[in-house]
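# Coordinate inspection notes
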Amino acid sequence: MKKFDVLTIFTEQFELLKSSVIGKALKEKVFEVAVHDIRDYSLNKHKKCDDAPFGGGAGMVMTPQPIHDAILAVDSEHACRRIYMSPRGRVLDHETVKRLAEEERILILCGNYEGIDQRVIDLDIDEEISIGDYVLTGGELPALVLINAVSRYIPGVLGSMESLNEESFTDGLLEYPHYTRPQSFEGLSVPEVLVNGNHKEINKFRAERMIEITRKNRKDLYRKYLRKLKINEKKEIK
Ligand code: SAH
């Protein structure tokens, strides 16, 4: 069983976990998310969790004591992979999601304001992860993104594990376009090949679309794909 422990000062943001397939999986206890309020661990009499930065500068910094104590209380044995959501981290991608899906327990720390005291990162955190090159006000949405992406790899969360193998990024390409009923919509018809039932043709059509869409939208992935093809060709010649 897989468990996420989230440390945050805005626990209400995790209400979002109640909806969709994730909500259903949590209800059925396919996996677990425990949300912990960092404020509960503050020894300050007003439960204060932030202070002005040493060295000056704008904004407030989250103080180390409540976070450090929360981490030690939730994960005393360091059984969790401890992650701090941070724009300074490595950017989350498909490979990282798959790697994290192998972990039994993941602890996610959400920062706010200007961020958290560096000493908590040095003492307690295994890895910093960013969800993209932009800055958000807090780590809560990034944590939800991480939980959502990783939990799709937990058996029982998605209706069928098969859909995982047919998605964007699985083989380095973006996904082919989807169509459903009606066959004609606002004058646009579903490509003929998809309705004629010839699976070889359908696979060929989809593979071509994947390459085309990747080349158009993501030159970086497309170049990687071409390199992989060349390496495989060389292997075959040998
Ligand atoms: N001063 C920091 C930004 C702080 S934003 C800097 O310039 O790097 C406040 C909090 O939001 C951070 O502590 C982090 O937990 C979260 N956060 C903001 N943007 C993020 C991103 N792109 N990915 C992951 N977490 C992010």
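Keep in mind that this is a model prediction, so the values were computed, not measured. (Residues numbered from 1 in each chain as written. Predicted model: local features only at pLDDT ≥ 70, side-chain atom pairs only at ≥ 80, totals over all residues. Heavy atoms only, no water.)

Right, let's talk about the sheet that holds strand S2 (residues 32-37) for a bit. Spatially, 5 strands are ordered S2-S1-S6-S5-S7 in an open sheet, and the strand pairing comes out parallel. Here the strands that pair on one side only, and so sit at the sheet edges, are S2 and strand S7 (127-130). Recorded for the sheet is a direction-independent mean angle of 35° between the axes of neighbouring strands. Against the sheet, helix H3 (residues 94-101) engages strand S5 (81-91), strand S6 (105-110) and S7, with an angle of about 135° to S7. (Pairing = 2+ DSSP bridges. Helix = DSSP H or I, 4+ residues; strand = E, 2+ residues; numbered from the N terminus. Axes fitted to C-alpha atoms, helices over the stretch in contact; angles between N-to-C directions. Contact = heavy atoms within 4.5 Å.)

Right, let's get into the environment of alanine 79. Relative to the helices and strands, alanine 79 resides in the loop between helix H2 (64-74) and S5. Along the sequence, alanine 79 and arginine 215 sit 136 residues apart, while their C-alpha atoms lie 42 Å from each other.

Another aspect to go through is the pattern of salt bridges. Scanning all chains against the criterion turns up 14 salt bridges. The closest approach of N and O atoms between lysine 3 and aspartate 5, which form a salt bridge, is 3.8 Å. For lysine 3, a relative accessible area of 23% corresponds to the partly exposed category. Across the pair arginine 105 and aspartate 5 runs a salt bridge, and its minimum N-O distance is 2.9 Å. You can see arginine 105 sitting in strand S6 and its partner aspartate 5 sitting in strand S1 (residues 3-8), a full 100 residues away along the chain. (Salt bridge = Lys/Arg side-chain N within 4 Å of Asp/Glu carboxyl O. Buried < 20%, exposed > 50% of the residue type's maximum accessible area, 1.4 Å probe, protein only.)

On the surface, a cluster of positive charge is made up of Arg215, Lys219, Arg223, Lys224 and Arg227. At 4 residues, the largest contribution of residues to the positive patch is made by helix H8 (residues 219-237). Relative to the helices and strands, lysine 219 resides in helix H8. With a relative accessible area of 46%, lysine 219 lands in the partly exposed category. (Patch = residues over 30% accessible without salt bridge, like charges linked within 9 Å, V, L, I, M, F, W, Y side chains within 5 Å. Areas by Shrake-Rupley, 256 points an atom, 1.4 Å probe, with all protein chains shown as cover. Lys, Arg positive; Asp, Glu negative; His and termini not counted. Charge placed at Lys NZ, Arg CZ, Asp CG, Glu CD.)

Once that is clear, we can look at the site of the ligand. Close to the ligand lie 20 residues; Tyr84, Met85, Glu114, Tyr134 and Leu136 are nearest. Serine 86 is positioned such that a nitrogen or oxygen atom in its backbone is 3.2 Å from a nitrogen atom of the ligand. Take tyrosine 134: an N or O atom from its main chain is 2.9 Å from a nitrogen atom of the ligand. Burial of the ligand by the surrounding chains reaches 85%, relative to a free accessible area of 560 Å². Those elements that provide at least two residues to the shell around the ligand are S5 and S7. Considering each element in turn, the shell around the ligand owes the most residues, 4 residues, to S5. (Near = heavy atom within 4 Å. Polar contact = N/O pair within 3.5 Å; in protein donor to acceptor, adjacent residues only side chain to side chain.)

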